[in-house]
Amino acid sequence: MGTAERRQTAGTGTAGGATARRGRQHPDLDGSADEGPAERVVPERREAYRPLWVEEPARRRRLPDPVRTAAVRAVLIIAVTLIQAVAAFLCTMAGSWLAFPMVLSSIASTVVATWSVLDVWVTRQVWNQRNGVVSMPSSTARALRRERRRARRAAEPGQGRIRRRGGAGQLSHP
C-alpha cells in the first residue's frame, strides 16, 4: 500500500471506509491491485466531518449589562465571604488569636454580601422599568415614552406630517 493510499484510508477510520460502501473492495484485500490511479475511489470528506458543537437557540435572553455587572460583583463578594467564614471557623478550631477578628470580618462580609444580592435585584427592577421590558399597559417605561413622544410633537408643530405644497420636492407645476 502506497503513502497516498494510506492517507486516503486513514481519513475514513477504517481500512475499506468509503470504497466498501460503494460495492468495491479495497485493492489490497481482494487482490485486484492492478487498477490504475484514475479508478481509485477517493473517500468523501463531508461524511466524516462533524462540527465540534451545535449551536442551539438560547432559552433565556442575556442579562442586561448593568444587571450582569451587579451579579458578577455579588458572586465575587459571596465567594470571598464564604472563604472568610471557613477561615474563621478553622482559626476558631485551632484556637488562634486570629479567630475573633476573622469572625467579626465574616459578620461584616455577610452584611455586604446580602447588600450586593439586593443590589442585583434592585438593578434588575430599575432596568426593567426604564427600558420597558415589562409588557403591561401600566408599564412605567411605556408611559414615559408616550409622554416624550407628546412633548416632541408639541415642540415641533410643523414637522408632524409631510406637506405636499410646493418646494424642492415638487416635480411638476399645474
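A. Local environment of the overall build of the chain. From N to C terminus, the chain includes seven helices and zero strands. Within the chain, the fraction of its 174 residues that count as buried is 17%. A separation threshold of at least 6 residues defines the contact pool for the chain, and within that pool the share at least 24 residues apart is 50%. For the chain, the accessible area works out to roughly 15100 Å², and carbon and sulfur atoms hold 59% of it.

B. A look at the side chain of Ser-109. Within the fold, Ser-109 resides in helix α6 (residues 99-131). Once you skip the residues sitting within four places of it in the chain, Ser-109 turns out to touch Thr-81 and Gln-84.

C. Quick look at a positive patch on the surface. A cluster of like positive charges, contributed by Arg-145, Arg-146, Arg-148, Arg-149, Arg-150, Arg-152 and Arg-153, occupies part of the molecular surface. Mapped onto the fold, Arg-149 is located in helix α7 (residues 140-155).

D. Local environment of a nonpolar patch on the surface. A contiguous nonpolar surface patch, about 440 Å² in accessible area, is contributed by Val-86, Phe-89, Leu-90 and Met-93. As for its placement among the helices and strands, Leu-90 is situated in helix α5 (residues 65-94).

E. Quick look at α5. Taking 1.5 Å as the rise per residue, α5 with 30 residues should run 44 Å; its terminal C-alpha atoms sit 44 Å apart, in good agreement. All of the buried residues along α5 are Val-67, Ala-70, Ala-74, Thr-81, Gln-84, Ala-88 and Cys-91. Following α5 by one or two positions, Gly-95 adopts a phi angle in the positive range, close to 75°.

F. Focus on the environment of Trp-121. Examined against the element boundaries, Trp-121 turns out to sit in helix α6. Once the C-alpha coordinates of Trp-121 and Val-67 are considered, the two residues, 54 residues apart in sequence, prove to be 8.2 Å apart.

G. Fine view of the pattern of salt bridges. Under the definition given, this model contains three salt bridges. Across the pair Asp-65 and Arg-62 runs a salt bridge, and its minimum N-O distance is 3.8 Å. According to the relative accessible area criterion, Asp-65 is partly exposed, its value standing at 46%. With a relative accessible area of 65%, Arg-62 lands in the exposed category. Note that Arg-68 is salt-bridged to Asp-65, the shortest N-O span being 2.4 Å. Of the two residues, Arg-68 and Asp-65 both sit in helix α5, three residues apart, roughly one turn of that helix. Residues participating in the shared-partner salt-bridge network are Arg-62, Asp-65 and Arg-68.

H. Fine view of the environment of Val-67. Examined against the element boundaries, Val-67 turns out to sit in helix α5. Here the alpha-carbon distance between Val-67 and Arg-124, two residues 57 residues apart in the chain, equals 5.5 Å. Once residues lying within four places of it in the same chain are set aside, the contact partners of Val-67 are Thr-123, Arg-124 and Trp-127.

I. Region of interest: the packing of α5 against α6. Here α5 crosses α6 at 165°, and the two axes come no closer than 8 Å. Considering their axes alone, α5 and α6 lie roughly antiparallel with respect to each other. Considering the relative orientation of α5 and α6, their crossing is left-handed. The residue makeup of the contact of α5 with α6, split by class, is 19 nonpolar, nine polar and three charged.

What counts, and where the lines are drawn
- Residues numbered from 1 in each chain as written.
- Predicted model: local features only at pLDDT ≥ 70, side-chain atom pairs only at ≥ 80, totals over all residues.
- Heavy atoms only, no water.
- Helix = DSSP H or I, 4+ residues; strand = E, 2+ residues; numbered from the N terminus.
- Buried < 20%, exposed > 50% of the residue type's maximum accessible area, 1.4 Å probe, protein only.
- Contact = heavy atoms within 4.5 Å.
- Areas by Shrake-Rupley, 256 points an atom, 1.4 Å probe, with all protein chains shown as cover.
- Patch = residues over 30% accessible without salt bridge, like charges linked within 9 Å, V, L, I, M, F, W, Y side chains within 5 Å.
- Salt bridge = Lys/Arg side-chain N within 4 Å of Asp/Glu carboxyl O.
- Lys, Arg positive; Asp, Glu negative; His and termini not counted.
- Charge placed at Lys NZ, Arg CZ, Asp CG, Glu CD.
- Expected span 1.5 Å × (residues − 1).
- Axes fitted to C-alpha atoms, helices over the stretch in contact; angles between N-to-C directions.
- Parallel < 35°, antiparallel > 145°, perpendicular 65-115°, else oblique.
- Left-handed = near helix turned anticlockwise from the far one by under 90°.
- Nonpolar A, V, L, I, M, F, W, Y, C, P; charged D, E, K, R; others polar.

The values reported here are purely geometric and, on their own, carry no functional implication.
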